[in-house]
Amino acid sequence: MTTKNKKLLLFDGSSLAFRAFFAIPNFDTFVNKNGLHTNALFAFHSMFKTVLDKEAPSHALVAWDAGKTTFRTEMYGDYKGGRQKTPAEFREQMPFFNVMLDAFGVSHYGLVNYEADDIIGTLAMQAADQGFEVVIVSGDRDLIQLARPNIRVDITRKGVSQLEPYTPETIDEKYGITPQQIVDMKGLMGDSSDNYPGVTKIGEKTALKLLHDYESMEGVYDHIDEMKASKRKENLINDKEQAFLSKKLARIATEAPVEVSLDDIVRQDIDVQALMTFYKDMDFNQFMSQLLDKTDNQDLLSEDWEDVDYHYLSQADQVSAELFSADTMALYMENLAKNYHEGQIEMVAWGSKDQIYVADANFILKQADFQIWLADVDKKKVVYDAKRSQVMLSKLGLDFAGIQDDVLIAGYLLTAKDLSKDLAELAHEFGIDQLAFDESIYGKGAKRALPEDQETMASHLARKIAAIWQLQSLTQDQLASNEMLDLYQDLELPLAKVLAQMEIQGVRVDRKQLETMQAEFDVKLGELENDIYQIAGHDFNINSPKQLGKVLFEELELPVIKKTKTGYSTAQSVLEKLQGKSPIIDYILDYRQLAKLQSTYVAGLQDFIQEDHKIHTRFQQTLTTTGRLSSADPNLQNIPIRSDEGRKIRKAFIPSHSGWKIFSSDYSQIELRVLAHLSGDDHMRDVFQAGQDIHQSTAMKVYGVDSNAVSKNMRRNAKAVNFGIVYGISDYGLSQNLNISRKEAQSFIDAYFESFPKIEDYMDRVVQEARDKGYAQTMFNRRRYLPDIKAKNFNVRSFAERNAMNTPIQGTAADIIKFAMLAMDKALKEKNLQARMLLQVHDELIFECPEEEVPVLEDLVPEIMASAVDLSIPLTVESSYGDNWYDA
DNA sequence: CAATTCACG
DNA sequence: ACGTACGTGAATTGA
């Protein structure tokens, strides 16, 4: 018999279930239909399944503590004393862990008088003796004492989502001791969570030092007389008894009277039916459908979704106006390409609740009745992704009108999540779990393709229509009760059409211009490369942070400023600190900048120039957490401007007609103005109303000096603090930005809040509101949910708090420019202007127009942008124009 | 596919 | 002590 496939997984059920409970602290959002809390079950399930899939053990057991008292309590009455009572929300979930485990085909076991640890220790040693590979998973670091050459101990980190593996090697690296010495360490230092004392004043550092010198606790006491007189020595002597008791308590039993043998814990097959029932009982809809997709157990599908009836149309005589007579119908057009400017519509489905039609796209899109229906504004359509539908039809020259609802946009507003990849993801988010994921129908990656038989796809599309139909009423109800209908109907839904037009319009790019730059950059890059190799003494890949790190920090022995998880950091901020230490640094900085421009922009953009000499980006309307747009394929919201070299790339962006101009208008300081409005800060308002320099006046306030006494440096610092405020300030972040100490940064922040008390009040208020309601919101009721705002972990919680401060500011600014875009679109049409809106870059709108329209836009655009919404602070807009984006 | 880096607001 | 400034997308390396 080979030992190769013998692998035992031992799961510390008690510690992991408890940790799972605290991994999802907002447990009130995890309740099933019977009112049972499910957060611990949910988190435990996620990690358990991940580990089971990853380790694929032949044998597995989940160990539980069997009761409150154990042999350890006999030795020490206060063992694990002082612990808080188990929360009722956790206790009620306990019976269901084993139900889950039974369904997974994994055994579980508890032993009277012993802890889960002892069961694990005993079985681990038995299995290791028999040549098993053993993996132990626990949330309790004490278990690392069990690590051996073929026993690995994985300890959870960050809730339960990550595991840190411990082997004899890693323990040696981290602590410099063997696994067997862990009990000596625990004995000396004690354990506050298990409530045993160890030796007074000895913590981890001291315990390790003593063990390094004397190997074991016995060794320490054998040599106690040789130690110099000290408080520590006294403590060691006084606490000797306690220390040996603690060591005993820390030692995990490896010969507990465990009644199960390795043969008893062979892993069984998953009981699909039992698991489905468990998922259903717990309302774990997402897992249910994953299981369905995996097992092909379509017969487990519930309710009247079992077979969604549809008519498949393939002949002209099957199509008539009658098919399109309903007032409102759902419409879905499948195009497998993520970028809908590419690919083609493969199949179309439409219909209402009880009448669903599906047809091949090639056929139906040519039918007059279908085209008439599409263009009829009075025939309402409910879609998933209006912009996508609009663009695809427009490319075919088909008119599309009467969009009543877009369930993607509605879903995005309700969840602030990106659900644009797959309708099934949106459906599942709203508890509709009878729709398969596209991945299970079309495959993924290179294997993504149309299914072989048409019926599979047709039925999938019919189900999508059913899902859209159901989602419409669900989302409309929720939007109404969240008071988000205005945001949806008056802003996002009409905006989809405007964005579609902008994408279709595209922006013209001069390829020649880019080609010339490319040749120039190639020469410069070649020169820099040579200079760098010369100093390094050999060739290497400068683009590889790993290789570059080796050259800089090992070969050239430059000081290490910062490390990443995988090695030395070679980020720009680090390199800048090394400037002057070696001439190679300046060359690398130049090389980096040029290589970035070359690959991403000069060369990269050329790949997106279409036959019409234009680039058609996609504005993603349902992606960001704050309500901003994003731009992709390619991203036209991050075209270089900050460096002189990079800015020249904008020369390639030109009007699509000769004699036309590029016209650009941007809001100045929109986020700070929004902050002034939302906080009601009098001083800030006065500054903006008087049209003064906000950073200058912030500097005056914070430093308490006159306008003429504000130095360049003072203004720079004030500007950084203003930015920091908008981001949700932290002393650490500000210190990084200004390259000052944290202490100095903190005193800046204190001075700022002293000068602007209303800003501080406002920040406190939004964080408190996020804690109370669970979300932050913009002026126009856009929400961002922040479940981590109550996290125990400082970093996780702080991040959520900064989000709470930043989201209303960034999000309201995003709302404002969206309103401006709608108004601009309307104004251009009403005034019959030829000017076209091309791009939006967060606080900036870019147009192209005939030269004679420039004077019109110079008045119109600022007027419309400034009056897009009503604020207590004036919005100011600056405009410019030129023959290309650079000159504008 | 994750990690690192860097372009923009 | 903790170790991040907010929001994005794309290129590259290397497992």
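In this convention, every chain numbers its residues from 1, walking through the sequence in written order. To read the labels, note that chains go from A and ligands from 1, taken in the order they are written. At least 70 in pLDDT is required for a residue's local features to be given in this predicted model, at least 80 for side-chain atom pairs to be given and counted, and no such filter applies to totals for whole chains, interfaces and linings, which use all residues. Values reported for side chains reflect all heavy atoms of the structure, with hydrogen atoms and water molecules removed beforehand.

1. A closer look at the protein's contact with DNA strand B
The environment of DNA strand B is made up of 23 residues, and the closest members are R592, K596, I641, R642 and D843. Here a residue is considered near a molecule or strand provided that any single heavy atom belonging to it is located within 4 Å of it. The protein-proximal atoms of DNA strand B, defined as those within 4 Å of the protein, are 79% sugar or phosphate. Polar contact criterion, stated in full: a pair of N or O atoms within 3.5 Å, where within protein one must be able to donate a hydrogen and the other to accept it, and residues adjacent in sequence count only if both atoms are side-chain atoms. Here a phosphate oxygen of DNA strand B sits 2.8 Å away from a polar atom, N or O, in the main chain of T570. Here a sugar or linking oxygen of DNA strand B sits 2.6 Å away from a polar atom, N or O, in the side chain of D843. To qualify as a helix, a DSSP run of H or I must reach at least 4 residues; to qualify as a strand, a run of E must reach at least 2; elements of each kind are numbered from the N terminus. Here the surface near DNA strand B takes 4 residues from helix α26 (residues 583–603), the largest share from any one element. The residue classification treats Ala, Val, Leu, Ile, Met, Phe, Trp, Tyr, Cys and Pro as nonpolar and Asp, Glu, Lys and Arg as charged. All others, Gly included, are polar. Of the residues in the surface near DNA strand B, the class split is 6 nonpolar, 10 polar and 7 charged.

2. Observations regarding the sheet that holds strand β13 (residues 507–509)
One bridge is not enough; two strands pair if DSSP finds at least two bridges between them. The strand order across the open sheet formed by 3 strands is β16-β13-β19, and the pairing between neighbours is antiparallel. Two strands lie at the open edges of the sheet, namely β16 (614–615) and β19 (653–654), each paired on one side alone.

3. Let's talk about helix α17 (residues 386–395)
Relative accessibility thresholds used throughout: buried, under 20% of the residue-type maximum; exposed, over 50%; partly exposed, between the two (1.4 Å probe, protein chains only). Counting buried residues in α17 gives 8 out of 10 residues, a clear majority hidden from the surface. Turning to α17, its buried residues are A386, K387, R388, S389, Q390, V391, M392 and L393. The contact criterion used is simple: two residues touch if any of their non-hydrogen atoms lie within 4.5 Å. Where α17 is buried, its residues touch β8 (328–334), α16 (368–375), β11 (380–383), β12 (403–406), α22 (485–505) and β17 (618–620). The first or second residue beyond α17 is G397, which carries a positive phi of 75 degrees.

4. Brief notes about the protein's contact with DNA strand C
By nearness alone, 38 residues border DNA strand C, and S544, S630, D633, R742 and R784 come closest of all. Sugar and phosphate atoms constitute 62% of the interface atoms of DNA strand C, taking the interface as everything within 4 Å of the protein. Interatomic distance of 2.9 Å between a side-chain N/O atom of N541 and a phosphate oxygen of DNA strand C. A distance of 2.6 Å separates a phosphate oxygen of DNA strand C from a polar atom in the side chain of S630. Listed by contribution, the elements that provide at least two residues to the surface near DNA strand C are α24 (545–555), α26, β18 (630–632), α31 (712–727), α32 (731–738) and α35 (794–830). The element best represented in the surface near DNA strand C is α35, accounting for 7 residues. Across the surface near DNA strand C, the residue classes tally to 10 nonpolar, 21 polar and 7 charged.

5. Observations regarding the packing of aromatic side chains
The pairing test for Phe, Tyr and Trp rings, Trp by its six-membered ring, is centres within 6.5 Å, and the orientation test on the planes gives stacked under 30 degrees, edge-to-face over 60, and tilted for anything in between. Considering all chains together, one arrives at 34 aromatic pairs under this definition. Ring centres of F44 and W64 lie 6.4 Å apart, and the angle between their planes is 20 degrees; on these two criteria the pair is classed as stacked. Here the residue F44 occupies a position in helix α2 (residues 39–55), and W64 occupies one in strand β2 (residues 59–70), the gap between them amounting to 20 residues. The exposure class assigned to F44 is buried, which follows from its relative accessible area of 0%. Considering the side-chain rings of F44 and F97, the 5.0 Å spacing of their centres and the 75 degrees angle between planes classify their relative orientation as edge-to-face. Placement of the pair is F44 in helix α2 and F97 in helix α5 (residues 95–104), with a sequence separation of 53 residues. The residues F44 and F97 share a single accessibility class, namely buried.

6. As for the side chain of K247
Note on placement: K247 falls in helix α12 (residues 240–250). Only 2.7 Å separates the side chain of K247 from the side chain of D184, close enough to count as a polar contact. If we skip the residues at most four places from it in the chain, K247 touches V183, D184, G187, M217 and E218.

7. Remarks on the UniProt feature "domain: DNA-directed DNA polymerase family A palm" (unreviewed entry) in chain A
UniProt positions are given in the numbering used here, feature names are shortened, and annotations may be inferred rather than shown by experiment. Here the UniProt-annotated "domain: DNA-directed DNA polymerase family A palm" (unreviewed entry) positions come out as residues 646–853. Its end C-alpha atoms 29 Å apart, residues 646–853 is made of 59% helix and 13% strand.

8. What about the nonpolar core?
Think of a nonpolar core as a cluster: buried Ala, Val, Leu, Ile, Met, Phe, Trp, Tyr and Cys residues, connected wherever their side-chain atoms sit within 4.5 Å. In terms of nonpolar packing, the biggest core is built from 152 residues, with L331, V348, W350, F370 and L857 touching the most fellow members. Counting residues domain by domain, this core receives three or more from each of domain 2 (302–506) and domain 3 (508–614). For the domains described, the bounds stem from an automatic or database domain assignment.

9. Looking at the pattern of salt bridges
When charged atoms on two side chains of opposite charge get close, those side chains can pair. Salt bridge, as used here, is a side-chain nitrogen of Lys or Arg placed within 4 Å of a carboxyl oxygen of Asp or Glu. Within this structure, the stated rule accounts for 35 salt bridges. A salt bridge links E55 to R152; its shortest N-O distance comes to 2.7 Å. Taken together, the positions of E55 in helix α2 and R152 in strand β5 (residues 151–157) put the pair 97 residues apart, joining distant regions of the chain. Assessed through its relative accessible area of 7%, E55 is described here as buried.

10. Describing the pairing of strand β10 (residues 356–360)
Burial runs high along β10: 4 of the 5 residues are buried. Bridging between strand β7 (residues 311–313) and β10 involves 3 bridges; their strand directions are parallel. Paired with Y312 across the two strands is V358, which belongs to β10. With 5 bridges connecting them, strand β9 (residues 347–351) and β10 associate as antiparallel partners. From the neighbouring strand, A349 faces β10, where its bridge partner is V358.

11. So, the UniProt feature "domain: 3'-5' exonuclease" (unreviewed entry) in chain A
Following the UniProt record, one finds the feature "domain: 3'-5' exonuclease" (unreviewed entry) at residues 310–480. Between the end C-alpha atoms of residues 310–480 the distance is 31 Å, and the span holds 41% helix and 16% strand.

12. Let's talk about the environment of A652
Along the chain, A652 turns up in the loop between α27 (644–647) and β19. Considering only alpha carbons, one finds A652 and L249, 403 residues apart in sequence, at a separation of 73 Å. Look past the residues within four positions of A652 in its chain and what remains in contact with it is R508, V509, D510, Q513 and L514.

13. Points about the packing of helix α18 (residues 407–415) against helix α21 (residues 454–481)
In this description, a line fitted to the C-alpha atoms serves as the axis of each element, helices being fitted only across the stretch in contact, and the angle between N-to-C directions of two axes falls anywhere from 0 to 180 degrees. The N-to-C vectors of α18 and α21 enclose an angle of 40 degrees; their axes lie 9 Å apart at closest approach. The orientation of α18 with respect to α21, classified from their angle, is oblique. Seen from above, α18 lies across α21 with left-handed handedness. When α18 is examined against α21, the residues V407, A410, G411, L413 and L414 are found in contact with a partner set consisting of I468, L471, Q472, T475, Q476, Q478 and L479. By definition in this entry, angles of less than 35 degrees are roughly parallel, angles greater than 145 are roughly antiparallel, angles of 65 to 115 are roughly perpendicular, and the rest are oblique. For any helix crossing, the convention is left-handed if the near helix is rotated counterclockwise from the far helix by under a right angle, and right-handed if that rotation is clockwise.

14. Section: the domain arrangement of chain A
Taken domain by domain, chain A comprises domain 1 (3–174 + 254–265), domain 2 (302–506), domain 3 (508–614) and domain 4 (673–807). The C-alpha centroid of domain 4 is placed 45 Å from the C-alpha centroid of domain 1.

15. Description of the packing of helix α28 (residues 670–679) against helix α34 (residues 757–773)
α34 packs onto α28 with a crossing angle of 85 degrees between their chain directions and a minimal axis gap of 9 Å. Compared by their axis directions, α28 and α34 come out roughly perpendicular. Side by side, α28 and α34 meet where L675, L678 and S679 of the first sit next to K758, I759, Y762, M763 and R765 of the second.

16. What to know about the confidence of the model for chain A
For every residue, the predictor states its confidence as a pLDDT score lying anywhere from 0 to 100. Residues of chain A with pLDDT of at least 70 account for 97%, and the chain-wide mean is 91. This stretch, residues 296–303, has a pLDDT under 50; its non-local contacts, to residues over four places away or in other chains, come to 13 contacts.

17. Some remarks on α12
Every buried residue belonging to α12 is among A243, S246, K247, L249 and A250, and all of these are buried. Seen from one end, α12 has its buried residues packed into an arc of 160 degrees, which puts them on one side. Of the residues in α12, the exposed ones pointing more than 90 degrees away from the buried face are E241 and K248. Tucked into the core, α12 has its buried residues touching α3 (71–75), α8 (182–189) and α10 (217–222). Read the arc as the range of directions from the helix axis to the C-beta atoms.

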